[in-house]
Amino acid sequence: MSSLTSYLLLSALIFSIGLAGALTRRSAILVLIGIELMLNAANLNFLAFWRYGPHPETLTGVMFAIFAIGIAAAEAAVG
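Analysis parameters
- Residues numbered from 1 in each chain as written.
- Predicted model: local features only at pLDDT ≥ 70, side-chain atom pairs only at ≥ 80, totals over all residues.
- Heavy atoms only, no water.
- Axes fitted to C-alpha atoms, helices over the stretch in contact; angles between N-to-C directions.
- Helix = DSSP H or I, 4+ residues; strand = E, 2+ residues; numbered from the N terminus.
- Parallel < 35°, antiparallel > 145°, perpendicular 65-115°, else oblique.
- Contact = heavy atoms within 4.5 Å.
- Nonpolar A, V, L, I, M, F, W, Y, C, P; charged D, E, K, R; others polar.
- Buried < 20%, exposed > 50% of the residue type's maximum accessible area, 1.4 Å probe, protein only.

**Observations regarding the packing of helix α2 (residues 28-51) against helix α3 (residues 60-78)**
When two helices pack together, you describe them by how their axes are tilted relative to each other and by the distance separating the axes.
In step 1: The contact between α2 and α3 brings their axes to 8 Å, and the two run at 170°. Relative to α3, the element α2 lies roughly antiparallel. Listed contacts from α3 to Leu-32, Ile-35, Glu-36, Leu-39, Asn-43, Phe-46, Leu-47 and Trp-50 of α2 are Thr-60, Gly-61, Val-62, Phe-64, Ala-65, Ala-68, Ile-69, Ala-72, Glu-75 and Ala-76.
In step 2: By residue class, the composition of the contact of α2 with α3 is 13 nonpolar, 3 polar and 2 charged.

Encoded structure:
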């Protein structure tokens, strides 16, 4: 069973890969892919804090993640 720390470390790794990709690429599509990775890392943080938070029955982390997925879909439509 994983702890909150392992989820946060994985999220930090994914976010840093996305940030490096977004800052070093010149192609707009590759920059958008980097931004997608950063959004996915943020979603992982939302879900991890929701799961290991004091009230996991409230579904607040899930709602934030669904909202962020909607933003990512709009970004993909722009790309």
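Right, picking up where we left off after that structure.
**As for the side chain of Asn-43**
In step 1: When you line up the elements, Asn-43 lands in helix α2.
In step 2: For Asn-43, a relative accessible area of 9% puts it in the buried group.

**Let's talk about unusual backbone geometry**
In step 1: The phi dihedral of Leu-59 falls on the positive side, at around 60°, and the residue is not glycine.
In step 2: Structurally, Leu-59 is set in the loop between α2 and α3.

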